[in-house]
Amino acid sequence: MKLGVRMLQIASFYFVVGVVMGMGMSMTDHYELSPVHVHLNLIGWVSMAIGGLVYCRFPEAAGLLGKLHFWMHNIGVPLMMGGLTALIFGATGLLLFVPIGGVLIVLGTILFFANVVRNIRAA
């Protein structure tokens, strides 16, 4: 399956999770997980969807840099969000997942930027 299509599918999953999480917080009046909700929507849904659209529109960018970006993002998001959720609920032993996931996301984003500069020309 094409990289861009796979990214859009995963982004759509994060969109559903983020929206359901937001609805659940609203219905229960418990907003402790707001940081997780916001990050899932921004880096899970929006950032991945934009990446997926870029890779669909510019398939030449879906090479090695695209694949590295894909995997760093898709490993980083669950690590960071899982660690942040655990931290919010007091499981400080899982705190290390937050910076590990965050660094993977940042490195993947830098690769995405380099990929765009390198492979995407004016259409």
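Our structure's up above, just so we're on the same page.
Residues numbered from 1 in each chain as written. Predicted model: local features only at pLDDT ≥ 70, side-chain atom pairs only at ≥ 80, totals over all residues. Heavy atoms only, no water.

**Observations regarding the packing of aromatic side chains**
As enumerated under the stated definition, the model contains four aromatic pairs in all. Where Tyr-55 meets Phe-112, the ring centres are 5.9 Å apart and the plane angle is 85°; that geometry is what we call edge-to-face. Pair noted here: Tyr-55 is in helix α2 (residues 34-57) and Phe-112 is in helix α4 (residues 97-119), with a separation of 57 residues, a long-range link. Neither residue differs from the other here; Tyr-55 and Phe-112 are each classed as buried. (Phe/Tyr/Trp six-rings, centres within 6.5 Å; stacked < 30°, edge-to-face > 60°. Helix = DSSP H or I, 4+ residues; strand = E, 2+ residues; numbered from the N terminus. Buried < 20%, exposed > 50% of the residue type's maximum accessible area, 1.4 Å probe, protein only.)

**As for the environment of Val-38**
Mapped onto the fold, Val-38 is located in helix α2. Counting along the chain gives 19 residues from Val-38 to Val-19, while the straight-line C-alpha distance between them is 9.7 Å.

**Overview of the side chain of Asn-41**
By secondary structure assignment, the location of Asn-41 is in helix α2. The buried category is assigned to Asn-41, whose relative accessible area is 16%. Setting aside residues no more than four positions away along its own chain, Asn-41 makes contact with Tyr-14, Phe-15, Gly-18, Val-19 and Val-46. (Contact = heavy atoms within 4.5 Å.)

**Describing helix α3 (residues 64-88)**
Over its 25 residues, α3 runs 36 Å from end to end, which matches the ideal 36 Å to within 8%, given 1.5 Å per residue. Backbone geometry just downstream of α3 places Gly-90 in the positive-phi region, at approximately 95°. (Expected span 1.5 Å × (residues − 1).)

Everything listed is a geometric property; what it means functionally is a separate question.
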